[in-house]
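Chain residues, written in single-letter form:
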Amino acid sequence: MALRGPAGSGPGSRELLDEAVAAAGGREAPAVVVAGPALEDDEEDDGRGRGLLRWDGFSAWLHCVCVVGFDLELGQAVEVIYPQHSKLTDKEKTNICYLSFPDSNSGCLGDTQFCFRFRQSSGRRVSLHCLLDQFDKDLPVYLKKDPAYFYGYVYFRQVRDKTLKRGYFQKSLVLISKLPYIHFFHTVLKQIAPEYFEKNEPYLEAACNDVDRWPAPVPGKTLHLPIMGVVMKVRIPTCHDKPGTTQITQLTQQANTHISVILPTVHEVDLFRCFCPVFLHSQMLWELVLLGEPLVVMAPSPSESSETVLALVNCISPLKYFCDFRPYFTIHDSEFREYTTRTQAPPSVILGVTNPFFAKTLQHWPHIIRIGDLKPAGEIPKQVKVKKLKNLKTLDSKPGVYTSYKPYLSRDEEIIKQLQKGVQQKRPSEAQSVILRRYFLELTQSFIIPLERYVASLMPLQKTISPWKSPPQLRQFLPEEFMRTLEKTGPQLTSRIKGDWIGLYRHFLKSPNFDGWFKTRRKEMTQKLEALHLEALCEEDLLLWIQKHTEVETVDLVLKLKNKLLQADREHLPVKPDTMEKLRTHIDAIILALPEDLQSILLKTGMT
């Protein structure tokens, strides 16, 4: 039933997906869907030999597409899951049902878009998502997939319909994905959802077939993604991009008539629009997010709650927010009890809520942001004040930041003046967002550079790496030793902001964000040591070595070298391609120098 759209492109990206599947599965795959140049009407291509199963291309981007409707007897119900073979547990379906509809008090008439995030059921079988780690490794840390969570991207329609018993048509089209590409998937929904509500399942099936022909989501490549007659041009960032820049190439002078939509970002939200009601306190909110403090956003609709939560998580970029966050959270969520219990301190999580019930349930939380309706671009809402928590009684309370938190850093008046001037001059929201994003980026970098510098000093010297010994260990992170480095090489070198930076660092070192950041850096440096150890081995004359050692020691060396190769491949060690080739050549040469009976055994053991 596939309707063929224009061909996907992005040189080599589909082939990389083929390789990922082949490498992970270790098998030849049967016939697949079309990728590459569009076929002429009289051409037949069943995709043989491409190595991709049908729907593997789809699975690289989406887990499934759901349609959630309202049943008078059952309430919200999943009406359609596509592709039909997609697996969702009952718990996951229940979460999707409740999270795909605004709370009844939101009064969202017309079309509404928002995003949610929910925990994946444990024990789920490995899927293609896990086979695409080779793409994941090239992403910035804040865009890497979290194996424990799904994102839901929602297009909800509620319109009056007298023919229905309830008087309203209520339905959501929901994209379920592991990828945190908020702006991209909202754009996809804008393209397909309105027409889907008119044409129903055949249209949805055709759209999913288009997605299945997309090239793989390879970071750093410019991708052309056709969907129902529209072609989107996107580029997924890489970990090598300079933070704060967009690399998408604009249209060249040669008319590229088949490209309909160019997305300068796949993941960013309109930062200024979200921070607009609270920009006087944006630096304090940056501190709260950095420190992983429990935070609730109370908003009038899921659209406002999800955008604001995502903007908060985004404000510490390029640092990853390692705590949990829920852009839209309801009383029906399977983690509701866990997150609202008063028997223990609130967890490190940012919740976006719209139900007035939460004003009472979450009264004990230390930091609550209450926002009104987000204004359209060009309008400025009244700035909210910081208020004491005891003044928050209901969701109808006045907008404000309810907290007793005292910021470590003095407020930067320069950025406030700059943004206020922009409002007076009616500067576009996009331009204001660029200013605010650059400010947050510089603040985060000023904070993290001293930590990066200290952690780099924990790396052993290269001369201590011996091919015949295990790679040396990293030195231990000592908080007090790090604190002593701040006097000469602290954030004062790059930031004009005054305040208790030392206190902020001490607090940060106890936070989940530091724990996640340091584990990531330690893993990267350990892998670098393993890669350097491999390179040291390759520079040795191993044939000379085996002449001085017994057959048993030689066999042991071959097995260890093979394990090193497997480890380098499995853990994506940062090893030069020629190093791997040299090592394979060394292994082959050593095996050929052994007796024939050992040769046959060793050639069967693993892969050289």
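In short, a report on the structure. Just so it is clear, the model here is predicted, and its values are computed rather than measured.

## Looking at the overall build of the protein chain
Thought 1: The helix and strand inventory of the protein chain stands at 21 helices and 14 strands.
Thought 2: For the protein chain, with 608 residues in total, the buried portion stands at 53%.
Thought 3: The long-range share in the protein chain, meaning contacts at least 24 apart out of those at least 6 apart in sequence, stands at 73%.
Thought 4: A total of about 29300 Å² of accessible surface is found on the protein chain, and carbon and sulfur atoms cover 52% of it.

## Some remarks on the packing of aromatic side chains
Thought 1: According to the stated counting rule, one finds 38 aromatic pairs in the structure shown.
Thought 2: When the centroid spacing of 6.0 Å and the interplanar angle of 40° are considered together, the rings of Phe329 and Tyr339 count as tilted. Taken as a pair, Phe329 in the loop between β10 (324-326) and α11 (336-340) and Tyr339 in helix α11 lie far apart in primary sequence, 10 residues in all. The pair Phe329 / Tyr339 is uniform in exposure class, with both members buried.
Thought 3: Among the aromatic side chains, those forming a connected cluster through ring pairs are Trp286, Phe447, Tyr454, Phe477, Phe482, Tyr505, Phe508, Phe514, Trp517 and Phe518.

## Things to note about helix α16 (residues 501-508)
Thought 1: Three or more residues of α16 are buried, namely Trp501, Gly503, Leu504, Tyr505 and Phe508.
Thought 2: Buried positions along α16 lie against α9 (282-290), α14 (429-456), α15 (479-489) and α17 (512-538).

## Concerning the pattern of salt bridges
Thought 1: Applying the stated criterion to the full structure yields 29 salt bridges.
Thought 2: Where Lys137 meets Asp138, a salt bridge forms, and the shortest distance between an N and an O atom there is 3.6 Å.
Thought 3: On the basis of relative accessibility, which here comes to 38%, the residue Lys137 falls in the partly exposed class.
Thought 4: Classification of Asp138 by relative accessible area gives partly exposed; the value is 27%.
Thought 5: Two residues, Arg157 and Glu198, come together in a salt bridge whose shortest N-O distance is 3.6 Å. Here Arg157 is found in strand β4 (residues 149-160), whereas its partner Glu198 is found in helix α6 (residues 182-199), with 41 residues between them in sequence.
Thought 6: We classify Glu198 as exposed; its relative accessible area is 60%.
Thought 7: Three or more residues are tied together by salt bridges with common partners; here these are Arg117, Arg119, Asp146, Asp324, Arg326, Asp333, Glu335 and Glu338.

## Observations regarding the sheet that holds strand β3 (residues 110-119)
Thought 1: Taken in spatial order, the five strands make up an open sheet running β2-β1-β5-β4-β3, and their pairing is antiparallel. Looking at which strands have only one partner, the edges of the open sheet turn out to be β2 (75-82) and β3. Neighbouring strand axes in the sheet, compared pairwise and without regard to direction, differ in orientation by 25° on average.
Thought 2: As paired elements, β3 and β4 share 10 bridges and run antiparallel to each other.

## A look at unusual backbone geometry
Thought 1: In this structure, the amide linkage connecting Tyr82 to the following residue, Pro83, adopts the cis form with an omega of -5°.
Thought 2: Following the sequence through the fold, Pro83 ends up in the loop between β2 and α3 (90-99).
Thought 3: The omega torsion of the bond from Ser317 to Pro318 falls at 10°, within 30 degrees of zero and hence cis.
Thought 4: Of note in the backbone geometry, Met228 takes a positive phi value of approximately 50° without being a glycine.
Thought 5: Assignment of secondary structure puts Met228 in the loop between β6 (222-227) and β7 (230-235).
Thought 6: Assessed through its relative accessible area of 22%, Met228 is described here as partly exposed.
Thought 7: We note that Lys426 has phi near 55°; this positive angle belongs to a residue other than glycine.
Thought 8: Relative to the elements of secondary structure, Lys426 occurs in the loop between α13 (413-424) and α14.

## Quick look at the nonpolar core
Note on soluble globular proteins: their nonpolar side chains tend to be buried together.
Thought 1: The biggest cluster of nonpolar side chains holds 115 residues, and the ones touching the most others in it are Trp61, Phe184 and Leu451.
Thought 2: The element best represented in this core is α14, accounting for 10 residues.
Thought 3: The residues contacting Phe184, other than those within four sequence positions of it, are Trp61, Trp214, Leu225, Met232, Val234, Leu263 and Val266.

## Observations concerning the environment of Met459
Thought 1: In this fold, Met459 is placed in the loop between α14 and α15.
Thought 2: Take Met459: its relative accessible area is 23%, and that puts it in the partly exposed class.
Thought 3: Put simply, Met459 and Pro472 are 13 residues apart on the chain and 9.0 Å apart in space, counted from C-alpha to C-alpha.
Thought 4: Residues contacting Met459, with those up to four places away along its chain left out, are Leu474, Met525, Lys528 and Leu529.

## A short note on the sheet that holds strand β8 (residues 261-262)
One key point about sheets: their strands pair by backbone hydrogen bonds, in either a parallel or an antiparallel sense.
Thought 1: Strand order across the open sheet formed by three strands is β6-β7-β8, with mixed pairing between neighbours. Two strands lie at the open edges of the sheet, namely β6 and β8, each paired on one side alone.
Thought 2: As paired elements, β7 and β8 share two bridges and run parallel to each other. The residue bridging Lys233 from the neighbouring strand is Ile262, located in β8.
Thought 3: Strand contacts of α6: β6, β7 and β8, with the helix running at about 175° to β7, the strand carrying the most contacts.

What counts as what
- Residues numbered from 1 in each chain as written.
- Predicted model: local features only at pLDDT ≥ 70, side-chain atom pairs only at ≥ 80, totals over all residues.
- Heavy atoms only, no water.
- Helix = DSSP H or I, 4+ residues; strand = E, 2+ residues; numbered from the N terminus.
- Buried < 20%, exposed > 50% of the residue type's maximum accessible area, 1.4 Å probe, protein only.
- Contact = heavy atoms within 4.5 Å.
- Areas by Shrake-Rupley, 256 points an atom, 1.4 Å probe, with all protein chains shown as cover.
- Phe/Tyr/Trp six-rings, centres within 6.5 Å; stacked < 30°, edge-to-face > 60°.
- Salt bridge = Lys/Arg side-chain N within 4 Å of Asp/Glu carboxyl O.
- Pairing = 2+ DSSP bridges.
- Axes fitted to C-alpha atoms, helices over the stretch in contact; angles between N-to-C directions.
- Core = buried A, V, L, I, M, F, W, Y, C linked by side-chain atoms within 4.5 Å.

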